Amino acid sequence: MEVKVLDINGKDTGRNVQLSESVFGIEPNKHAVYLDVKQYLANQRQGTHKAKERAEVAGSTRKIKKQKGTGTARAGSAKNPLFKGGGTVFGPRPRSYSFKLNKSLKRLARRSAFSIKAKESNIVVVEDFDFETPNTKKFITILKALGLENKKSLFVLGELNKNVYLSSRNLKAASVLINSELSTYAILNANSLVILESSLEGIEDNLSK
């Protein structure tokens, strides 16, 4: 699959790059994508929720009324879950929601995500660029030149570039990651992928293992 390489002004550089069919042209495995996204979202959960159960509620343990002769059900404690202010039955407890996935399945999920974006023609390859200092205005200019100012976009860099990252940090619709930090969720969460030319080799090497 050949894709044109654009410059930061959105113009054709006259060069094309060949996207690997094993990464950008496979039949997407939707179940692998589902599992990988589910794991990513599960890992974002803090799991600090907690409700007090009967033994943890503050209060007296004395018997609140006699056993028989009241005409109502017997009751032994004000901490009974049936009463207002009583404990919670089987309430949530702090726990981890994370679960394990095999590396091969996670690579398949990322390849599937890339293939979905490629089929939708939502992948843009741009020649490498850099900023001397963080400059959000310049970053917005690039977004406009690529026609992405009103779309959620993900820029994929070959290596960490602090100035480019800081230039995008205040923009809600744009994010920047290096190729080793890519996740299936991040790929699918963006409307368009802007892949810098130098990051292609790293993406294909990571996902072709």
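Sequence positions are assigned chain by chain, starting from 1 and proceeding in written order. Note on the predicted model: pLDDT of at least 70 is required for a residue's local features to be given, and 80 or more for side-chain atom pairs to be given and counted; whole-chain, interface and lining totals, by contrast, use all residues. The side-chain figures draw on all heavy atoms in the structure; neither hydrogens nor water molecules are used.

I tried to follow the overall build of the protein on my own but got confused; where do I start?
Numbered from the N terminus, helices here are DSSP runs of H or I no shorter than four residues, and strands are runs of E no shorter than two. Scanning the protein from N- to C-terminus turns up 7 helices and 6 strands. Counting helices and strands in the order they occur from the N terminus, the protein gives β-β-α-α-α-β-α-β-α-β-α-β-α. For 209 residues, the compact-globule estimate of 2.2 N^0.38 gives 17 Å, and the protein exceeds it by more than 25% at 27 Å. Dimensions of the protein, computed from C-alpha atoms along their principal axes, come out at roughly 95 × 40 × 25 Å. Exposure is judged per residue with a 1.4 Å probe applied to protein chains only, and the accessible area is read against the type maximum: over 50% gives exposed, under 20% gives buried, and values in between give partly exposed. Within the protein, the fraction of its 209 residues that count as buried is 40%. The contact criterion used throughout is that any non-hydrogen atoms of two residues lie within 4.5 Å. Look at the contacts in the protein between residues 6 or more apart in sequence, and 69% of them connect residues 24 or more apart. Within these notes, the globule rule equals 2.2 Å times the number of residues to the 0.38 power, and the radius of gyration is based on C-alpha atoms.

Where do I start with the pattern of salt bridges in this structure?
Opposite charge on two side chains makes pairing possible when the charged atoms of those side chains draw close. Every case where a carboxyl oxygen of Asp or Glu lies within 4 Å of a side-chain nitrogen of Lys or Arg is listed as a salt bridge. Tallied over the entire structure, the rule returns 6 salt bridges. Counted as one network, the salt bridges with shared partners bring together Arg15, Glu127 and Glu197.

Sorry, what's going on with the packing of helix H3 (residues 103–119) against helix H7 (residues 200–207) here?
Think of two packed helices as two axes; the pair is described by the angle between the axes and how far apart they sit. Orientation is described by axes fitted as lines to C-alpha atoms, over the contacting stretch for helices, and by angles from 0 to 180 degrees between their N-to-C directions. For the pair H3 and H7, the least separation of the axes is 10 Å and the interaxial angle reads 135 degrees. Taken together, the axes of H3 and H7 lie oblique to each other. Residues Arg107, Arg110, Arg111 and Phe114 of H3 form the contact with H7, whose own contacting residues are Ile203, Asn206 and Leu207. Throughout, the ten residues Ala, Val, Leu, Ile, Met, Phe, Trp, Tyr, Cys and Pro are labelled nonpolar, Asp, Glu, Lys and Arg are labelled charged, and all others, Gly among them, are labelled polar. Looking at the contact of H3 with H7, its residues break down into 3 nonpolar, 1 polar and 3 charged. By definition in this entry, angles of less than 35 degrees are roughly parallel, angles greater than 145 are roughly antiparallel, angles of 65 to 115 are roughly perpendicular, and the rest are oblique.

What is the right way to look at a nonpolar patch on the surface in this model?
A cluster of nonpolar side chains, namely Ile64, Leu82 and Phe83, defines an oily patch on the protein surface of about 300 Å² accessible area. For phenylalanine 83, the location among the structural elements is in the loop between helix H2 (30–44) and H3. On the basis of relative accessible area, phenylalanine 83 is assigned to the partly exposed category, the value being 33%. Residues enter patches when their relative accessible area tops 30% and they take part in no salt bridge; the joining distance is 9 Å for like charges and 5 Å for the nonpolar side chains Val, Leu, Ile, Met, Phe, Trp and Tyr. Accessible surface is estimated by sampling points in the Shrake-Rupley manner with a 1.4 Å probe; for residues, cover comes only from the protein chains shown.

What should I look at first to understand the nonpolar core in this one?
In a soluble, globular protein the nonpolar side chains are often hidden away together inside. By nonpolar core is meant a set of buried Ala, Val, Leu, Ile, Met, Phe, Trp, Tyr and Cys residues that side-chain atoms within 4.5 Å join together. Counting residues in hydrophobic clusters, the biggest one holds 22 residues, and the most contacted among them are Phe24, Phe114, Leu193, Ile195 and Ile203. Going through the elements one at a time, strand E1 (2–6), helix H1 (21–24), H3, strand E3 (123–126), strand E4 (153–157), helix H6 (184–189), strand E6 (192–196) and H7 are the ones with two or more residues in this core. When neighbours within four sequence positions are excluded, isoleucine 203 is seen to be in contact with Val23, Phe24, Phe114, Val156, Asn179, Leu182 and Ile195. The next biggest cluster of nonpolar side chains, apart from the first, holds 19 residues, and it includes Ile142, Leu146, Leu148 and Val176.

How should I be thinking about the side chain of aspartate 7 in this particular structure?
With respect to the helices, strands and loops of the structure, aspartate 7 is situated in the loop between E1 and strand E2 (12–18). Here aspartate 7 sits buried without a salt bridge, and the closest side chain of opposite charge, lysine 11, lies 6.5 Å off (N-O distance). Between N or O atoms, a polar contact is any pair within 3.5 Å; within protein, one atom must be a potential hydrogen donor and the other a potential acceptor, and residues adjacent in sequence are included only when both atoms are from side chains. Looking at aspartate 7, its side chain comes within polar contact range of the main-chain nitrogen of asparagine 9, at 2.9 Å. Polar contacts involving the side chain of aspartate 7 include one to the main-chain amide nitrogen of lysine 11, which spans 2.8 Å. What aspartate 7 contacts, discounting residues up to four positions off in sequence, is Thr13, Val126, Glu127 and Leu146. Positive charges come from Lys and Arg alone, negative charges from Asp and Glu alone, with His and the N- and C-terminal ends not counted.

So what exactly am I meant to see when it comes to helix H4 (residues 136–145) here?
Given 3.6 residues per helical turn, the α-helix brings residues three or four places apart onto the same face. Residues Phe139, Ile142 and Leu143 constitute the buried set of H4. End-on view of H4: buried residues confined to an arc of 100 degrees, all on one side of the axis. Among the exposed residues of H4, those oriented more than 90 degrees off its buried face are Lys137 and Lys144. Near the N-terminus of H4, the side chain that reaches the backbone nitrogen of lysine 137, with its oxygen 3.1 Å away, is that of asparagine 135. Among the residues trailing H4, glycine 147 stands out with phi positive, at a value near 75 degrees. Directions pointing from the helix axis toward each C-beta atom define the arc.

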